[in-house]
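Each chain, written out:
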Amino acid sequence: MLRTFLIIYFFLSSLISLGNNDKYAKLNAEITTFNDSHNYEQAILRLENIITNPKSSHYDLYNAYYNKYLTYKRLFNYTHALNNLDLALKAGLLSEKKEEVQIQINIERLFVHFDLLEFDKVTQILPTISREHLKYISPETKAFYLSILGTMELRKENFKEGEKFLDEALVLLLEFAPKHLPLIYKKK
């Protein structure tokens, strides 16, 4: 009886998890569509509806603030972007996905400081991220992370090592996000 109950529990839990992943994937796609069409106000309004909804879970809030961060980052408003990244971290650490949240936030902080050419901060963040942590990010984000590793190696004049990272990023982008290939070719 207990065995049957456990099997049913894990089956239902996995269905709920898949449904939640689908819910977040749909929201992320919706926000990406708004942002790609330069409809940033609609994206922020949609996210604010989630943030102000008292029924939103901690992970709902994390995802909304994270998407708001991405929206402001696309607008090059790094002050608002970092503020939303901090809010995403606070909400996400209260969810069941603490490790995933922490890694995603660290990687995004790395991206912001890299964009701002704050290489001393990039150097401080890099050791907090390992290859094992990359399981929590998309292939496209992993490619950007690898391009930063490559660029940092090039800055140290470790050209062979830098090129290896950039080649690895190219392979990922070729398959998952070819629109970003020129960014890597430019660095090579």
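The present account deals with the structure reproduced in this document. This one's a predicted model, so the numbers in the text were calculated from it and none came from an experiment.

Criteria and cut-off values
Residues numbered from 1 in each chain as written. Predicted model: local features only at pLDDT ≥ 70, side-chain atom pairs only at ≥ 80, totals over all residues. Heavy atoms only, no water. Helix = DSSP H or I, 4+ residues; strand = E, 2+ residues; numbered from the N terminus. Buried < 20%, exposed > 50% of the residue type's maximum accessible area, 1.4 Å probe, protein only. Contact = heavy atoms within 4.5 Å. Expected span 1.5 Å × (residues − 1). Phe/Tyr/Trp six-rings, centres within 6.5 Å; stacked < 30°, edge-to-face > 60°. 1 Å grid on protein atoms, 1.4 Å probe; cavity = no way out; pocket = protein on both sides within 12 Å on 5 of 7 lines; lining within 4 Å. Points joined across faces, edges and corners; volume = space filled by probe spheres on them. Nonpolar A, V, L, I, M, F, W, Y, C, P; charged D, E, K, R; others polar. Axes fitted to C-alpha atoms, helices over the stretch in contact; angles between N-to-C directions. Parallel < 35°, antiparallel > 145°, perpendicular 65-115°, else oblique. Left-handed = near helix turned anticlockwise from the far one by under 90°. Salt bridge = Lys/Arg side-chain N within 4 Å of Asp/Glu carboxyl O.

This next bit is on the overall build of the chain. Helix and strand content of the chain: nine helices and zero strands. The order of helices and strands in the chain, counted from the N terminus, is α-α-α-α-α-α-α-α-α. A buried classification covers 43% of the 188 residues belonging to the chain. In the chain, 51% of the contacts between residues at least 6 apart in sequence involve partners at least 24 apart.

Quick look at helix H5 (residues 98–115) now. Taking 1.5 Å as the rise per residue, H5 with 18 residues should run 26 Å; its terminal C-alpha atoms sit 26 Å apart, in good agreement. Burial of H5 is extensive: 14 of the 18 residues sit out of reach of the surface. Trailing H5 by a residue or two, Leu117 shows a phi angle of about 60°, which is positive.

Turning our eyes to something else, we now look at the packing of aromatic side chains. Scanning the model with the defined rule gives seven aromatic pairs in all. Look at Tyr59 and Tyr62: their rings are 5.3 Å apart centre to centre, the planes differ by 35°, and that puts the pair in the tilted class. Pair noted here: Tyr59 and Tyr62 are both in helix H3 (residues 58–74), with a separation of three residues, about one helical turn. Here Tyr59 and Tyr62 have matching classes, each one buried.

A few words now on the layout of surface pockets. Here the largest pocket defines a volume of roughly 1500 Å³. Lining the largest pocket we find 40 residues, and of these Leu70, Lys73, Glu140, Thr141 and Phe144 sit closest to its centre. Secondary structure elements with two or more residues in the lining of the largest pocket: helix H1 (2–36), H3, H5, helix H7 (139–155) and helix H9 (181–187). In the lining of the largest pocket, the residues fall into 18 nonpolar, 11 polar and 11 charged.

Attention now goes to the packing of H5 against H7. Contact geometry for H5 and H7: axes closest at 11 Å, N-to-C directions at 50°. Here H7 runs oblique to H5, going by the angle between their axes. Classified by chirality, the crossing of H7 by H5 is left-handed. Where H5 approaches H7, its residues Ile107, Glu108, Leu110, Phe111 and Phe114 are matched on the opposing element by Thr141, Phe144, Tyr145, Ile148, Thr151 and Met152.

Another point: the pattern of salt bridges. Where charged atoms from two side chains of opposite charge come close, those side chains can pair. Evaluated as defined, the whole model comprises 13 salt bridges. Between Glu163 and Lys188 there is a salt bridge whose closest N-O contact spans 3.5 Å. Of this pair, Glu163 sits in helix H8 (residues 159–176) while Lys188 sits in the segment after H9; the two residues are 25 residues apart in sequence, bridging distant segments of the chain. Taking relative accessible area as the criterion, Glu163 reaches 41% and is therefore assigned partly exposed.

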